[in-house]
Amino acid sequence: MNTESPIAIDVRDAVKRYGEFTALKKISLSIKDNEFFTLLGPSGCGKTTLLRMIAGFEDVTEGQIYLYGDEIEGLPPNKRPVNTVFQNYALFPHMSVLDNVGFGLEMRGASKSDARRRGGEVLELVQLSQFAKRKPSQLSGGQQQRVALARALAPQPKVLLLDEPLSALDLKLRKAMQIELKHLQRETGITFIFVTHDQEEALTMSDRIAVMSAGELQQLGKARDIYERPHNKFVADFIGETNLLEVSVDKIDNGHAICHLGGGHSLTCNAVDGIDVGTRVHISVRPEKLFTSDAPSGVESLKGIVKENIYLGTDLSTIINLDEGPDFTVRTSNSERGNKRIFEPGAQVFVNMEMGAARLLVD
Amino acid sequence: MAGGSTSGGSVKADTYAGVRHWLLAPSWLVLLTVVVGPLCIMLIYSFLTKEFRGGVVWEFNLAAYDKFFFDRGLFGDEAPRIEWTYISIYWRSILQAAIATLVSLLIGFPTAYFIATRPTTSRALWVFLITIPYWVNLLIRTVSMKFLLRDQGPLNAFLLSTGIIDQPLTIVNTDVAVQLGLFYSYLPFMVLPIYAAVEQYDHRLSEAAADLYASRWIALRRVILPAVKPGVIAGCILVFVPSLGSFLAPDLLGGARNFMIGSLIEDQFKGQAGDWPFGAAASMILLSMVLIVLIVAARRQARAKAAGGEV
Ligand SMILES: Nc1ncnc2c1ncn2[C@@H]1O[C@H](COP(=O)(O)OP(=O)(O)O)[C@@H](O)[C@H]1O
Ligand SMILES: [Mg+2]
């Protein structure tokens, strides 16, 4: 990991318990200055809890959180130079859009007119100047979302926390906002901690992603690392689409593990520390790393019958049943399909992959 | 009446347009006979002439209103001067009711806030606890209050024993006693609407305020209070209006010198010394004042709503 940029938020062995229930189990992670950092995980895994601990709304049961080197436990939320974009926006309903945006500035000591002026500038940044005088209830969901963003950005926090800010928007608007958020982060240079349960969103936007599940950190890394080199079954399954197959390891030889898929099929993949001969584990193969042909091709070829073709717009997804073995999903991009054969259901095909496409996973 | 219960489900509302009037008729009848009827009678009586053994003579004039506002000497033949007696009673009543309302607000708001922020399961219990004393008759409660407050009463005994005071405090027969009595009589009317408003309040707004560097006090003033304002206004009206016309607390706790509107009106209809038209006129004047307060409040709320989309 590079150590040049300072650490914005350092979470050390943080535990959060609600009575008997442990919401976070010893989480440690460092978020770098000026980073777009994403907490990704299914609903209920503790993302909001961690964010609220950073903002100061929940205390830390055990462990510490440091903000630019200073321990912040004990500081109330209004003393932390951290702002939140709330999931439900939490805009002040009785204040105008401009007063909402100026609120934080005013609380930090700006005069009313200064707060209005600088609030207006931030509104311009999110392209809402013409709505300054409206009340939040007179705006659409997407506009409210941007007001919430402007309000949190206006006081220029050291770290901006965003709790699933886009989840209430429709797909098209969400995509547009993803790009806008990314730009805003670059322009302002503020460290963003972004929470989402949408893996695609996380992959699109983040410098680094922390994948969480059931209160535990599963993997932390760049989008590409997490997608290409998932550490465990949960991460492989949660991020993107994959063929997740249960296999038994037959032989390990020279760094290669030969795995039995059932029905007489076997695959060779790179051996992984901690997975020994005879154990039943999972392998993950991304559907787009597979290709079909009527004769064996590539390093690994498995024979099967086409069950179904599913047209997905950009891609074609083909489900292939290996003879007496598991199903495989193969994804072919429509742009490259022009010079490839489409196999109709019932046709006999070979599922091919290059070495390294199949990954052994610990559970 | 029974027909009303069948209107649920997917039936179009229009289906019952014809019968709706008839289903509402009993309510209209009750409202007419017990609200509008008596008011009309009062209005008419306020223009009649007083009969000496109580009751009225059917001669229309403005004597009752004249008596309220003007002093024409013992025999009624002097040049009219403003009669301050009743106006000052009204003024004092307004002041007493206002202070009682303020005290109710200061005590009632934190109480309501406290209840509304308890876990859902225990809220009903807290509300019930608040209303328990009010299952007892108002008269009995007010008399008990007198016992508590009097010079040799438990309050003074307690204060003396702790050494906070060395002379018993005289509370009974003072304005303070009246204000305390009114406050105690109507406190739930303050607590309940505010409770309802705070319960509706989205506490994440307070978190947003804290997140944006507002202290608790500023969050209360700038975010919580504006959001629950309709409840506060409703509570203030519900305490102020009955306090203004109350006669039990002023009579029992305030003594003769702390006369309020309610007692003045009550006296006009009691025994044979009364003056029915004058009592009716005093009531109509009180009613007009209350109406003005309500209309102003309603106007302001409507304007706030129009400006803000939602309050
Ligand atoms: N105040 C609370 N009391 C008890 N349990 C809570 C509380 N807040 C959250 N939890 C529990 O902690 C877990 C994590 O919640 P949360 O952080 O909101 O998840 P996420 O944001 O990832 O969906 C959930 O199982 C939730 O039920
Ligand atoms: Mg959440």
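Residues numbered from 1 in each chain as written. Chains lettered and ligands numbered in written order. Predicted model: local features only at pLDDT ≥ 70, side-chain atom pairs only at ≥ 80, totals over all residues. Heavy atoms only, no water.

For this particular structure, what's the right way to read helix α5 (residues 171-188) of chain A?
Counting along an α-helix, one turn takes 3.6 residues, and residues three or four places apart therefore face a common direction. All names here are of chain A. A rise of 1.5 Å per residue sets the reference length of α5, with its 18 residues, at 26 Å; its end C-alpha atoms lie 25 Å apart and thus fit the reference within 8%. Considered for burial, the residues of α5 that qualify are R174, M177, Q178, E180, L181, K182, L184 and Q185. Those residues of α5 that are buried are in contact with β3 (36-40), α3 (112-125), α4 (141-153), β7 (159-163), β8 (191-196) and α6 (199-205). One or two steps after α5, the chain reaches G189, where phi turns positive at roughly 70°. (Helix = DSSP H or I, 4+ residues; strand = E, 2+ residues; numbered from the N terminus. Expected span 1.5 Å × (residues − 1). Buried < 20%, exposed > 50% of the residue type's maximum accessible area, 1.4 Å probe, protein only. Contact = heavy atoms within 4.5 Å.)

Would you take a moment to explain the packing of aromatic side chains for this structure?
What describes a pair of aromatic rings is the distance from one ring centre to the other and the angle between the planes of the rings. Tallying each qualifying case throughout the model produces 19 aromatic pairs over all chains. For the pair F36 of chain A and F194 of chain A, a centre-to-centre distance of 5.6 Å together with 50° between the ring planes defines the contact as tilted. Taken together, the positions of F36 of chain A in strand β3 and F194 of chain A in strand β8 put the pair 158 residues apart, joining distant regions of the chain. The rings of Y45, W58, F60, F269 and W276 of chain B are connected pair by pair, giving a single aromatic cluster. The positively charged end of R108 of chain A is found above the aromatic ring belonging to Y213 of chain B, 4.1 Å away from the centroid. Its end group placed over the ring of F114 of chain B, R118 of chain B keeps NZ or CZ at 4.0 Å from the ring centre. (Phe/Tyr/Trp six-rings, centres within 6.5 Å; stacked < 30°, edge-to-face > 60°. Lys NZ or Arg CZ within 6 Å of the ring centre and 35° of its normal.)

How should I be thinking about the interface of chain A and chain B in this particular structure?
Accessible area lost on assembly of the parts is the figure often given for the size of an interface. Every contact between the two is made by 29 residues of chain A and, on the other side, 20 residues of chain B. Summing both sides of the interface, chain A and chain B together bury roughly 2200 Å²; the carbon and sulfur share of this comes to 58%. Three residues stand out in chain A for area buried against chain B, namely N78, H94 and M107 of chain A, and they jointly supply 25% of the buried area on that side. Taken together, chain A and chain B are joined by 2 salt bridges. Between R52 of chain A and E207 of chain B there is a salt bridge, with the nearest N and O atoms lying 2.8 Å from each other. Linking chain A to chain B there are 9 residue pairs in polar contact (both at pLDDT 80 or more). Where the side of chain A that touches chain B is concerned, the elements lending two or more residues are α1 (47-55), β6 (82-85) and α2 (97-107) of chain A. Here the side of chain A that touches chain B gets 4 residues from one element, more than from any other, and that element is α2 of chain A. For the side of chain A that touches chain B, the class distribution of residues is 15 nonpolar, 7 polar and 7 charged. (Buried area = accessible area lost by both parts, 1.4 Å probe. Salt bridge = Lys/Arg side-chain N within 4 Å of Asp/Glu carboxyl O. Polar contact = N/O pair within 3.5 Å; in protein donor to acceptor, adjacent residues only side chain to side chain. Nonpolar A, V, L, I, M, F, W, Y, C, P; charged D, E, K, R; others polar.)

What should I look at first to understand the environment of P26 of chain B in this one?
Residues and elements named next belong to chain B. The topology assignment puts P26 in helix α1 (residues 17-45). Given the relative accessible area of 30%, P26 is considered partly exposed. For the pair formed by P26 and A209, sequence separation is 183 residues and the distance between their alpha carbons is 49 Å.

Could you clarify how one ought to interpret the pattern of salt bridges in this entry?
Counted under the stated rule, the structure contains 31 salt bridges over all chains. A salt bridge links R12 of chain A to D10 of chain A; the shortest N-O distance between them is 3.0 Å. Two residues, R52 of chain A and E58 of chain A, come together in a salt bridge whose shortest N-O distance is 3.1 Å. Since its relative accessible area comes to 21%, R52 of chain A is described here as partly exposed. On the basis of relative accessibility, which here comes to 17%, the residue E58 of chain A falls in the buried class. Where salt bridges share partners, they join K16, R52, E58 and D59 of chain A together with E207 of chain B into one cluster.

I tried to follow the state of the cysteines on my own but got confused; where do I start?
All chains considered together, the criterion is met by 0 disulfides over all chains. Cysteine C259 of chain A shares no disulfide, and the gap to the nearest cysteine sulfur, in C269 of chain A, comes to 3.7 Å. (Disulfide = S-S within 2.5 Å.)

What am I meant to see in the confidence of the model for chain B here?
Regions with low pLDDT should not have their predicted coordinates read in detail. All names here are of chain B. Residues at a pLDDT of 70 or more form 94% of chain B, whose mean pLDDT is 87. Counting contacts from residues 1-10, a segment whose pLDDT is below 50, to residues more than four positions away or on other chains yields 5 contacts. Complex prediction metrics read pTM 0.80 and ipTM 0.82. (pLDDT = per-residue confidence, 0-100.)

Which parts of the structure should I look at to understand the sheet that holds strand β9 (residues 208-213) of chain A?
Paired through backbone hydrogen bonds, the strands of a sheet run either parallel or antiparallel to each other. Residue and element names in this part refer to chain A. Read from one edge to the other, the open sheet built from 6 strands follows the order β6-β7-β8-β3-β9-β10, with strand pairing classed as mixed. Of all the strands in the sheet, just β6 and β10 (216-221) have a single pairing partner and so form its edges. Strand-to-strand, the axes of this sheet are offset by a mean angle of 20°, without reference to chain direction. Against the sheet, α1 contacts β3, β6, β7, β8 and β9, and its axis sits at roughly 150° relative to β7. The sheet strands contacting α5 are β3, β7 and β8, and the helix crosses β8 at an angle near 160°. (Pairing = 2+ DSSP bridges. Axes fitted to C-alpha atoms, helices over the stretch in contact; angles between N-to-C directions.)

Please clarify how the packing of helix α3 (residues 84-116) of chain B against helix α9 (residues 216-245) of chain B should be interpreted in this entry.
A pair of packed helices is characterised by two quantities: the angle between their axes and the separation of those axes. Residues and elements named next belong to chain B. Where α3 contacts α9, the two axes come as close as 9 Å, and the packing angle between them is 135°. On the basis of their axis angle, the class for α3 and α9 is oblique. You can see that α3 and α9 cross each other, and the crossing is right-handed. Of α9, the residues touching α3 (which contributes S93, I94, A97, A98, A100, T101, S104, L105, F109 and Y113) are L220, I224, L225, V228, V232, C236, V239, F240, S243 and L244. Looking at the contact of α3 with α9, its residues break down into 16 nonpolar, 4 polar and no charged. (Parallel < 35°, antiparallel > 145°, perpendicular 65-115°, else oblique. Left-handed = near helix turned anticlockwise from the far one by under 90°.)

It is not clear to me how the sheet that holds strand β17 (residues 315-322) of chain A should be interpreted in this structure. Could you clarify?
All names here are of chain A. Pairing is antiparallel across the open sheet formed by 5 strands, whose spatial order is β15-β19-β16-β17-β18. Edge strands, defined here as strands with exactly one partner in the open sheet, are β15 (291-293) and β18 (327-333). Taking the axes of each pair of neighbouring strands and ignoring which way they run, one obtains an average angle of 45° across the sheet. Bridging between β15 and strand β19 (residues 348-353) involves 3 bridges; their strand directions are antiparallel. If you follow T292 over to β19, its bridge partner there is V351.

Honestly, the site of ligand 1 in this entry has me stumped. Any pointers?
Residue and element names in this part refer to chain A. Around ligand 1 sit Y18, F21, A23, P42, S43, G44, C45, G46, K47, T48 and T49, and those are all the residues in its vicinity. Y18 is positioned with one of its side-chain polar atoms (N or O) 3.3 Å from a nitrogen atom of ligand 1. Within the contact set of ligand 1, an oxygen atom lies 3.2 Å away from a backbone nitrogen or oxygen of C45. Within the complex, the protein chains bury 60% of what would otherwise be the 560 Å² of accessible surface of ligand 1. For the shell around ligand 1, the secondary-structure elements that each account for two or more residues are β2 (21-32) and α1. For the shell around ligand 1, the element with the most residues is α1, which contributes 3 residues. Split into classes, the residues belonging to the shell around ligand 1 amount to 5 nonpolar, 5 polar and 1 charged. (Near = heavy atom within 4 Å. Areas by Shrake-Rupley, 256 points an atom, 1.4 Å probe, with all protein chains shown as cover.)

In this structure, what is going on with helix α8 (residues 204-211) of chain B? I would like to understand it.
Along α8 of chain B, 7 of the 8 residues are buried, which leaves the element largely enclosed by surrounding structure. Turning to α8 of chain B, its buried residues are L205, S206, E207, A208, A209, A210 and D211 of chain B. Packing partners of the buried residues in α8 of chain B comprise α1, β6, α2 and α4 of chain A together with α9 of chain B. Phi turns positive one or two residues past the end of α8 of chain B, at Y213 of chain B, with a value near 75°.

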